[in-house]
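A look at the structure
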Amino acid sequence: MDPVTLANRVKAGEVRAVSRLITLLESQEPVGQAALERLNGSQRHAAVIGITGYPGTGKSTLIDQLVTAYRRLGQKVAVVAMDTTSPRTGGALLGDRIRMQDHAVDGGVFIRSMATRGERGGLAPATGGAVRVLNAAGYDVILVETVGVGQLETDVADVAPTVVAVVAPGLGDEVQAMKAGLLETAHIVVVNKGDRDGADTTVKDLQEWHHKVVRTVAIKGEGIPELIEAIAEHQRMTDLNGKRGM
Ligand SMILES: Nc1nc2c(ncn2[C@@H]2O[C@H](COP(=O)(O)OP(=O)(O)O)[C@@H](O)[C@H]2O)c(=O)[nH]1
Ligand SMILES: [Mg+2]
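Just so it is clear, the model here is predicted, and its values are computed rather than measured.

A look at the packing of helix α2 (residues 15-26) against helix α3 (residues 30-38)
The relative placement of two packed helices is expressed as an angle between their axes plus a distance between the axes. For the pair α2 and α3, interaxial distance at closest approach is 7 Å and the crossing angle is 125°. Between α2 and α3, the crossing angle belongs to the class labelled oblique. The interaxial crossing formed by α2 with α3 has left-handed handedness. From α2, Leu 21, Leu 24 and Leu 25 reach across to α3, where they touch Val 31, Gly 32, Gln 33, Ala 35 and Leu 36. Broken down by class, the residue content of the contact of α2 with α3 amounts to six nonpolar, two polar and no charged.

Structure (structure tokens):
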């Protein structure tokens, strides 16, 4: 397919064209780059939200809930999840697929995983391009799931004006190590697994470091409206400061 046709199909919101173009960008095919350039100047402005944190903190479960919540608000939602392809996270990814299956039949939801190198995550090289494609295709909300904390979050901040860091109670030393990075890059800190022992302590502790801490129990959908509101509030703020837009 020529780049012009491909770009036009993306702009028309055709899911197969969206998938195809992201694949071309991942494999660095020149036709992909040419189609991407055709998308420049797209007037759309999706809310791009980075969801970051250590493996197992509940990011995918939370995203699943956010997808449901945004769909109820009538928004078209895309999820781009970084796949670290390590044996350790392989199981979690399979779990993601099973959970996300509910959304697979919903035409208003697009889910895509992208390979990153190395267990510590970061972003796949084509993530920024994928976000631009999804924006041009008319998704209202783009959720980017990435494994990583501290320095690595600067990666997700490059593509997502709103960064949510997810922590779980009982991470002890890891939470200590994260604090500096959290303060620098996360706009919202989520203490997920709020049903676990030690959640109160973790919330109080982090509140001393960060002004926006939201407690959630993702498996039960608790705290999701509060998180949606915190995200909206941050977006209103960045809009006022003129920081958003692609
Ligand atoms: N107790 C409890 N478990 C949760 C909660 N949220 C997620 N989990 C579980 O934690 C595990 C890891 O969740 P997942 O979403 O795959 O984490 P990710 O690696 O950060 O994407 C799964 O077994 C989830 O069912 C929660 O709020 N409470
Ligand atoms: Mg996950």
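Some points on the pairing of strand β4 (residues 141-147)
Burial analysis of β4 places seven of its seven residues in the buried class, which makes it a mostly covered element. Burial along β4 is two-sided: the residues Val 141, Leu 143, Glu 145 and Val 147 and Ile 142, Val 144 and Thr 146 are all buried. Pairing geometry for strand β1 (residues 47-53) and β4, over seven bridges, is parallel. Bridging across to β4, Thr 52 finds its partner in Thr 146.

Observations regarding the pattern of salt bridges
Evaluated as defined, the whole model comprises four salt bridges. Here Arg 236 makes a salt bridge to Glu 229, at a shortest N to O gap of 3.0 Å. By relative accessible area, Arg 236 is classed as partly exposed at 46%.

Remarks on the site of ligand 1
Around ligand 1, a shell composed of 18 residues is seen, among which Gly 56, Lys 59, Ser 60, Thr 61 and Asp 195 lie nearest. Between ligand 1 and the protein, one listed contact pairs an oxygen atom with a backbone N or O atom of Gly 58 at 3.0 Å. Between ligand 1 and Asp 195, the relevant distance is 2.9 Å, taken from a nitrogen atom to a side-chain nitrogen or oxygen of the residue. Burial of ligand 1 by the protein amounts to 78% of the accessible area it has alone, namely 580 Å². Those elements giving two or more residues to the shell around ligand 1 turn out to be α4 (59-72) and α5 (87-104). Take the shell around ligand 1: its biggest share by element is three residues, from α4. For the shell around ligand 1, a count of residues per class yields five nonpolar, six polar and seven charged.

Comments concerning the packing of aromatic side chains
Tallying each qualifying case throughout the model produces one aromatic pair. Here the basic side chain of Lys 76 rests over the ring of Tyr 139, its NZ or CZ set 4.5 Å away from the ring centre.

Description of the environment of Glu 222
One can find Glu 222 in the loop between β7 (213-215) and α10 (224-240). Judged by its relative accessible area of 41%, Glu 222 falls in the partly exposed class. Sequence separation between Glu 222 and Asp 195 is 27 residues, and the spatial gap between their C-alpha atoms is 9.7 Å. Beyond its immediate stretch of four places on either side in the chain, Glu 222 contacts Arg 215, Thr 216 and Val 217.

Quick notes on the rules
Residues numbered from 1 in each chain as written. Chains lettered and ligands numbered in written order. Predicted model: local features only at pLDDT ≥ 70, side-chain atom pairs only at ≥ 80, totals over all residues. Heavy atoms only, no water. Axes fitted to C-alpha atoms, helices over the stretch in contact; angles between N-to-C directions. Helix = DSSP H or I, 4+ residues; strand = E, 2+ residues; numbered from the N terminus. Parallel < 35°, antiparallel > 145°, perpendicular 65-115°, else oblique. Left-handed = near helix turned anticlockwise from the far one by under 90°. Contact = heavy atoms within 4.5 Å. Nonpolar A, V, L, I, M, F, W, Y, C, P; charged D, E, K, R; others polar. Buried < 20%, exposed > 50% of the residue type's maximum accessible area, 1.4 Å probe, protein only. Pairing = 2+ DSSP bridges. Salt bridge = Lys/Arg side-chain N within 4 Å of Asp/Glu carboxyl O. Near = heavy atom within 4 Å. Polar contact = N/O pair within 3.5 Å; in protein donor to acceptor, adjacent residues only side chain to side chain. Areas by Shrake-Rupley, 256 points an atom, 1.4 Å probe, with all protein chains shown as cover. Phe/Tyr/Trp six-rings, centres within 6.5 Å; stacked < 30°, edge-to-face > 60°. Lys NZ or Arg CZ within 6 Å of the ring centre and 35° of its normal.

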